[in-house]
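Okay, here's what each chain looks like letter by letter:
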Amino acid sequence: MSAPLPPALLATLQVRQPLLWLNPQLGSALPASAPTAQQVQAAAARLQRCAGLLAMLFPELAATQGQIESALHDASALYAQPPYHGVQGRCWLKGDHALPVAGSIKARGGFHEVLAHAETLALQHGVIQPEDDRRLLASPDARALFARHSVVVGSTGNLGLSIGIMAAALGFQAVVHMSVEAKEWKKARLRQRGVTVVEHAGDYAAAVAAGRATAEADPNSYFVDDEHSLPLLLGYAAAAAALAAQLAAQGVTVDAAHPLFVYLPCGVGGAPGGIAHGMKLLFGPHVHCFFAEPVASPCMLVQLASGGDAPLSVYDIGLDNRTEADGLAVGLASPLVAPLMRAELSGVFTVGDDDLFRQRLLVEDHCAMAVEPSAAAAVAGPHWLCNSPAGQAYLAAHGLQGQLADSHHLIWTTGGALVPAEEHQRFRQRGLLLQG
Ligand SMILES: *Cc1c(COP(=O)(O)O)cnc(C)c1O
């Protein structure tokens, strides 16, 4: 299949040379179906009213009264390192690698969707009333109801962990279809929790398709569809308001004189797309969102650069979607998210696997955080923006060069807290070898 991409861009992608691509359609009209601020607030309200339930189900949440939130960290020590000289503005790190229970950004969307489904079922069957305390979702009646229903998902690993853990904790039969990248320890952890893990030799899209097919055949089965799900997207988008409050608490203003640049690792696009959309709803043109993708799996870049809605995958341009960034190993972007990002995303930069391990090591050594390789994908974002010709072109086009010193850069670290210590040791060794 011939790809409708500009020849120079296509050539750079095909030789896997990292680049910063700027989205020419930034600022175009959003699709009519774009989630509204009210929908995002409703998702945040759902997570709030379920906090007491979560604190009951997961002892590790007792200290935070059931809040699933992460800290905002100062990252100036990281950006004082040699590869990043020339980065202007203040740098922050949003630590979703340490989100409780699921250990990744998938807690946001995944927990929201399972809780929404549990509420819907319990209301339908009269087990709770609309105004009831959601702790009733842990009652014997609710558990008996959920035990007759299954929740199914397809995943490269972290979404499966998030959905599997939450569904099993509520008493659902949980089934996770895992793609070829999925790490053994993620499967083992789910099995320990009583989740059924189905292993596939195929990629992410194949695992999702398998899950969808089994769920469609069973009326008591609910499929969490990572490629099309609005409840997932809304759960991610709800992160924006919490982040805005954290920034305000640090005295950070976001306006024309103080732009905010946000850098997010992207797989199918749901997590970073939901957060970017939530941020745009709050801060409009003053927030600039960039995605990071592996050079082998730049699915959002390819879809947006194609200029249209016809699906275009990384396989279509001759890439193999093979990367150590298991959380980002997706060949085709979400058709729900891509049209939103066409209007709202500033650009995409790509990263090679060796750089993932170098960046992971820098985060470990200068921020004292152990993140997984996928979660280090966005670390070079401020460097691309401040120090590359494409970044300079973006700043010039938006009249931002004079504001750079007063700007804020926020790097989203998206997973790592559940990774076994031996795996982190291996990641560290690989970074040290590359550092040479
Ligand atoms: C899933 C995941 C992402 C990206 O989320 P998508 O919704 O797939 O785009 C980023 N980092 C990690 C660690 C993930 O697990």
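See the structure printed just above.
Residues numbered from 1 in each chain as written. Predicted model: local features only at pLDDT ≥ 70, side-chain atom pairs only at ≥ 80, totals over all residues. Heavy atoms only, no water.

Asker: When you look at the overall build of the protein in this model, what are you seeing that I'm missing?
Answerer: The number of helices and strands found in the protein is 17 helices and 11 strands. The C-alpha radius of gyration of the protein comes to 21 Å, within 12% of the 22 Å expected for a compact globule of 436 residues. With the C-alpha coordinates of the protein rotated into their principal frame, the extents come out at 60 × 50 × 45 Å. Within the protein, buried positions represent 59% of all 436 residues. A separation of at least 24 residues holds for 74% of the contacts in the protein among residues at least 6 apart in sequence. Only carbon and sulfur atoms are counted for the fraction: they give 55% of the accessible area of the protein, which is about 15800 Å². Across the protein, 26 positive and 36 negative side-chain charges occur, with their mean positions spaced 3 Å apart. (Helix = DSSP H or I, 4+ residues; strand = E, 2+ residues; numbered from the N terminus. Rg over C-alpha atoms; globule rule 2.2 N^0.38 Å. Buried < 20%, exposed > 50% of the residue type's maximum accessible area, 1.4 Å probe, protein only. Contact = heavy atoms within 4.5 Å. Areas by Shrake-Rupley, 256 points an atom, 1.4 Å probe, with all protein chains shown as cover. Lys, Arg positive; Asp, Glu negative; His and termini not counted. Charge placed at Lys NZ, Arg CZ, Asp CG, Glu CD.)

Asker: How should I be thinking about the packing of aromatic side chains in this particular structure?
Answerer: Aromatic ring pairs are defined here through the distance separating the ring centres and the angle between the ring planes. All chains considered together, the criterion is met by 6 aromatic pairs. Ring geometry for Phe-146 and Phe-172: centres 4.5 Å apart, planes at 20°, overall stacked. Of this pair, Phe-146 sits in helix 5 (residues 140-147) while Phe-172 is found in the loop between helix 6 (158-170) and strand 5 (173-178), placing the two residues 26 residues apart along the sequence. Assessed through its relative accessible area of 0%, Phe-146 is described here as buried. On the basis of an interplanar angle of 55° and a centroid distance of 6.0 Å, the ring pair of Phe-357 and Phe-427 is categorised as tilted. Of this pair, Phe-357 sits in helix 14 (residues 353-367) while Phe-427 sits in helix 17 (residues 421-435), and the two are 70 residues apart along the sequence. The class of Phe-357 is buried, set by a relative accessible area of 2%. Each member of the aromatic cluster is reached from another via a ring pair, and the members are Tyr-263, Phe-290, Phe-349 and Tyr-394. (Phe/Tyr/Trp six-rings, centres within 6.5 Å; stacked < 30°, edge-to-face > 60°.)

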